[in-house]
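The primary structure of each chain is shown beneath.
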Amino acid sequence: MVVTMTNKPPRYLLADRILWDTHGKSLCEWVFEHRKRLQPVSWAALTERLASATDGQVSVTQLTLRAWFADEIEAEHQADEVASSESSADGRVAS
C-alpha cells in the first residue's frame, strides 16, 4: 500500500521515519500488518504498540491513528465487500 507523504502531520512523518529505520516498514505497512494480527481490531492497542515501537517518541490517541488511515480503511472495506459479492455470485453460478 502506497501512502503519499504530502499533508501528513509531523507525528505521522516521525513515526513513519522511525518505523522505517527500525522495522524496515512504513507507518502504513506497520499499522495494517498489526491490524491483521489483532482480532478484533483494537486501535487503543495499536497506539500502545506504536508508542512502544517508537520508544515513546510517537504517542497519539486511537482517534488520531485511525483518522490517519481513514481513506485506506474505507478502501479496504470496499475491496472486501466487492470480493464478498463476487464470491457470492460465483457460488450462485456454480450451483
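For the structure, check the block above.
Residue positions are counted from 1 within each chain, in the order its sequence is given. Side-chain atom pairs in this predicted model are given and counted only at pLDDT of 80 or more, local residue features only at pLDDT of at least 70, and totals for whole chains, interfaces and linings cover all residues. For the side-chain quantities, the full set of heavy atoms in the structure was used; hydrogens and water were omitted.

Participant: Tell me about the overall build of the protein chain, residues and numbers included.
Facilitator: To qualify as a helix, a DSSP run of H or I must reach at least 4 residues; to qualify as a strand, a run of E must reach at least 2; elements of each kind are numbered from the N terminus. Check the secondary structure of the protein chain and you find 5 helices and 0 strands. Each helix (α) and strand (β) of the protein chain, taken in turn from the N terminus, gives the series α-α-α-α-α. Three labels apply to residues, based on accessible area from a 1.4 Å probe with only protein chains included: buried if under 20% of the type maximum, exposed if over 50%, partly exposed otherwise in between. Across the 95 residues that make up the protein chain, the buried fraction comes to 32%. The contact rule is simple, with two residues in contact once any of their heavy atoms fall within 4.5 Å. Once local pairs closer than 6 in sequence are excluded, the contacts in the protein chain between residues at least 24 apart make up 47%. For the protein chain, the exposed area adds up to about 6200 Å²; of that, 52% sits on carbon and sulfur atoms. Surface accessibility follows the Shrake-Rupley procedure with a 1.4 Å probe radius. Residue values consider only the protein chains on display as shielding.

Participant: Can you lay out the pattern of salt bridges for me, pointing to particular residues and giving the numbers?
Facilitator: Salt bridge criterion: a side-chain nitrogen from Lys or Arg within 4 Å of a carboxyl oxygen from Asp or Glu. This model, assessed by the stated rule, comprises 5 salt bridges. Ionic pairing is found between Glu33 and Arg37, a salt bridge with its closest N-O pair at 2.6 Å. Taken together, the positions of Glu33 and Arg37, both in helix 2 (residues 27-37) and 4 residues apart, correspond to about one turn of that helix. Owing to a relative accessible area of 23%, Glu33 belongs among the partly exposed residues under this scheme. Judged by relative accessible area, which is 53%, Arg37 ranks as exposed. The salt bridge partner of Lys36 is Glu76, with a shortest N-O separation of 3.4 Å. With Lys36 in helix 2 and Glu76 in helix 5 (residues 70-94), this residue pair connects regions lying 40 residues apart in the sequence.

Participant: Would you mind going over the packing of helix 1 (residues 10-23) against helix 2 in detail, with residue names and values included?
Facilitator: For helices, the fitted line uses only the C-alpha atoms of the stretch in contact; every axis is such a line through C-alpha atoms, and the angle between N-to-C directions lies from 0 to 180 degrees. Where helix 1 contacts helix 2, the two axes come as close as 8 Å, and the packing angle between them is 80°. On the basis of their axis angle, the class for helix 1 and helix 2 is roughly perpendicular. Residues Tyr12, Ala15, Asp16, Leu19 and Trp20 of helix 1 pack against Leu27, Cys28, Glu29 and Trp30 of helix 2. Residues were grouped as follows: Ala, Val, Leu, Ile, Met, Phe, Trp, Tyr, Cys and Pro as nonpolar; Asp, Glu, Lys and Arg as charged; and all remaining residues, including Gly, as polar. Of the residues that constitute the contact of helix 1 with helix 2, the class distribution is 7 nonpolar, no polar and 2 charged. To sort the angles, those under 35 degrees are grouped as roughly parallel, those over 145 as roughly antiparallel, those from 65 to 115 as roughly perpendicular, and the leftovers as oblique.

Participant: So, the nonpolar core: which residues are in play, and what are the values?
Facilitator: In terms of nonpolar packing, the biggest core is built from 20 residues, with Leu27, Val31, Leu50, Leu65 and Phe69 touching the most fellow members. Going through the elements one at a time, helix 1, helix 2, helix 3 (43-53) and helix 4 (62-68) are the ones with two or more residues in this core. The element best represented in this core is helix 2, accounting for 5 residues. Not counting chain neighbours up to four residues away, the residues in contact with Phe69 comprise Tyr12, Leu27, Cys28, Val31 and Phe32. What makes a nonpolar core is a set of buried Ala, Val, Leu, Ile, Met, Phe, Trp, Tyr and Cys residues whose side-chain atoms join them at distances within 4.5 Å.

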